[in-house]
Every structure is written in C-alpha cells, then in structure tokens.
Amino acid sequence: MKMEMKISLVIHGPEVIDSGETKIVLEKLSCLGEVKAELGGTMGKTAVIDAGLEVIIDTGRHLKPSVCIESFFETADLICLLNRGKTLETGKIFGAKVAARLKDPEKKPLVQIESPGCSCGKLIPLNKKAESFIEKLSETLGVPAESPLIFHNPISTETCAKTGITRIIREISGVLPGENIFVNGIIIGKASSSKIRIISENGFITAIEGGEIKDHGLEKLHNYKKRDPVDLAGAWIKSGDIRRSIPSLPEVREQNSSAIKSYFISEDRAGSIIPGKVVLIDHEAEKSYELSAGAELVVTVGDDTTAIAGDVLYRLGIPIIGITDGDCDNVTCEPKTFSGSIILRLEPGNDDIVGMRIKKELLKGQNSAVFEDLLAFKEEVLKLAEPSIEAVFKY
C-alpha cells in the first residue's frame, strides 16, 4: 500500500545520474509517496541534461546540499541524500560532512542513499529520526542499511602568539594519490597521498601537506596581484575529476532563436553582421550555466576552464573562443565543443595575460557586453592574441 507522505530527494554529483541510479531511485521512491527532486551543487546539471531529467529534477537554485536539505525541512516528511562516492568510505564521509553543516539536523528524518546500484551500496541514517524509515526504504530500494560515520571536524585554527598570524588547517578526506585538488573551482595542487591538509595564513594558502602546490593555480585563486584572501574554512573543495563518468550525449539543443549563430565564427560567414551578447568565463567553469545566461558567444580563459565550460556550453548550443596555453590537467572525460567554436593555443603563460586584455580592452573591464558585430569581435580577439598564438583549432 502506498504511504501518503512527501519525500524530497537531494541529488549530488554527476556520477549517480550518469549511472542511471537516479532514475531508478526516483521510480522506486514514488511507490512510497510524492517525490520532489532537486540537484544539490552545480556540477551535476550537465548530467541531468544528458539524462533528459530536467522536467523531473529541479536544477535552478544551485544550492549546496546542506542548504538544499534545510529548505526541504519545511515541506517534506522525509529527505533523502543521493550520492555516488569514489568508494563507500568517501561517500560516508561526504554524508557526514553534509549532516554536520545542518543548523537543526534532527528537524526531519534524513537518509543518505549511497551508490544504490553498486554491490557496496548502503542506506545511511544521518539522524535519529531516520531510523524508523530505514527498514521500509531498504525493502523498497533493495539497498542494505549501514551505520553512520562519526563526523570529525576537518577544520582547525591556530594563532601564533608572537606574530599574530592565524593559520587555518583543513583536512581533505577521500583523496586518491595523483588527483587534482580544487579550491573554489581552481586547481591549486595535486595529491601525493591519501591524507591531505591545506594550510592558509591570514587568508592565503601557503602549503599542501601530502600534496604538491600548483603555483599558477594559487595565483588565480588569490586574483594575481590583487592578493585577495580566501576563506579556507568555507571554500568549496574537491579532489579528482569534475566528472568521472562518460555519458551518452543528447542531441545538441538550440538555446537562442538565431540558427546562424552556429556558424558565425567560420570564414564562410565573412561579411555578415551578427549582434549578440559576449560573456567572459575566466577560471570559473563551475558557474558556466549561470554566467552564460543569454550569451551568443562565450570567451573561456584557461585550458581546464575551456574544457569544462566548452563541454557545458555544447549542451546549450553556445560556441566559444577558448584562450589556452597547453597547461591542461584533464579534469573532465572527453569534453565536447559546439560547432563554430575556435580554440587558440598560445605560448605558455599567455592565456591569462590575453584573457585580462580581452576583459580590459574589449569588454571595458566587465565580464559581459553586447556587440553589434560578433564577427568583428572575433577578429579583435585574434588580433590581440596574434603575437603569442601557436595554433588555432576550429570546430
């Protein structure tokens, strides 16, 4: 008999969507009541589009999983957190961290559904109220129950009495040696151990214990010469690839009404005058959906940014001008680029320089602008980058 209750499902990460587990879980949970699903985080949105689940899964709010859960506390009888970690242990660590961030963790029953399609898949009660639902959920989903992991606070603070310098130490769990380490979407280093500690002093990252710092990444994170501090305790930190799984791609979708936009970067459109909005994405690939709203063309700065943002914009039917210099960390599997795009390979170290010049000289210091002639804008970019261009790739 169908239970009359409201269930909210918070989905985290692209892997649990790419695997097909999300669709199956949604179908099975619907046997227990009314289900409302929302994406927690930003990087799973591409997977939702690829799976054709936009009508079922709300991807509009871009909330952290913990914030998404708290918003559901007001309306749902049961909240489930769906995740697929690299291992069961890393999945449990993730769930424990999310639960620890909740202001009132016992307000409503909260259950983690971890890797439900795997032999190691488990149901994990994330609070005491969840325990009464575990047996029924286990029967419905065909997933055994597991004890929750005791949360260990990964953040500690030290202040030197002599210098007054405050150090924040943040431990990173679930890391595999060789993986990239991201802080706020920027790669700042590579792991050489499974035990990683990132250290900052007065807001500036100074060391990675168990890993090797990528100096250029730290420069980007702290905004070059401006020396902007970063709140390490509250920063978004991730290790590994942005998307570990390789999806089957859907048909490319036209975001804008002008079909000609697909070809405006090609030489055979010479002489055409095509107006439109240009957006700059400079090392903020995780915000590609929000930043590209209404764009006819996007300029991406950095190799990994170009790969990630280009792959996202492929789904939206938006071409790019990629500014790269061959310093790619291969953070996503088989990225795609929309037809009509061009990617410029510059001499090492020049992608950021050219990116700053594009913003200052062509976009007048802004991150977006509307141009009367996008073809003319493209020519201005090529002219500006010409002294350092090593190769041009056309799509």
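Residues numbered from 1 in each chain as written. Predicted model: local features only at pLDDT ≥ 70, side-chain atom pairs only at ≥ 80, totals over all residues. Heavy atoms only, no water.

## Digging into the sheet that holds strand 10 (residues 186–191)
What counts here: Two strands are counted as paired when DSSP detects at least two bridges linking them. Helix and strand assignments come from DSSP, with helices taken as H or I runs of at least 4 residues and strands as E runs of at least 2, each series counted from the N terminus. Axis lines are fitted through C-alpha atoms, for helices just across the contact stretch, and the angle between N-to-C directions can take any value from 0 to 180 degrees.
An order of 13-10-9-14 is seen for the 4 strands of this open sheet, with the pairing classed as antiparallel. One side of each edge strand has no neighbouring strand; the edge strands of this open sheet are strand 13 (211–213) and strand 14 (237–239). This sheet shows a mean twist of 30 degrees between the axes of neighbouring strands, independent of strand direction.

## A word on the confidence of the model for the protein chain
Let me state the cut-off plainly: Confidence scores here are pLDDT values: one per residue, from the predictor, ranging 0 to 100. Contacts: residue pairs with any heavy atoms within 4.5 Å of one another.
Looking at the protein chain, pLDDT values average 85 and 88% of them are 70 or higher. Per-residue pLDDT, averaged within each element of the protein chain, yields its smallest value for helix 7 (residues 215–221) (83) and its largest for strand 5 (residues 110–114) (97). In this model residues 254–260 is a low-confidence stretch, pLDDT under 50, and it forms 14 contacts with partners more than four residues away in sequence or in other chains.

## Structural notes on the packing of helix 10 (residues 351–362) against helix 11 (residues 374–385)
Helix packing for two helices is described by the angle between their axes and how far apart those axes are. Selection rule: To sort the angles, those under 35 degrees are grouped as roughly parallel, those over 145 as roughly antiparallel, those from 65 to 115 as roughly perpendicular, and the leftovers as oblique. Rotating anticlockwise by less than a right angle from the far helix to the near helix defines a left-handed crossing, while the corresponding clockwise rotation defines a right-handed one. Just so you know the grouping, Ala, Val, Leu, Ile, Met, Phe, Trp, Tyr, Cys and Pro go in nonpolar, Asp, Glu, Lys and Arg go in charged, and all remaining residues, Gly too, go in polar.
Axis separation between helix 10 and helix 11 bottoms out at 10 Å; the angle between their running directions is 130 degrees. For the element pair helix 10 / helix 11, the angle class is oblique. Of the two elements, helix 10 crosses helix 11, and the hand of that crossing is right-handed. When helix 10 is examined against helix 11, the residues Val354, Arg357, Ile358, Glu361 and Leu362 are found in contact with a partner set consisting of Phe377, Glu380, Val381, Leu384 and Ala385. Its residues assigned to classes, the contact of helix 10 with helix 11 comprises 7 nonpolar, no polar and 3 charged.

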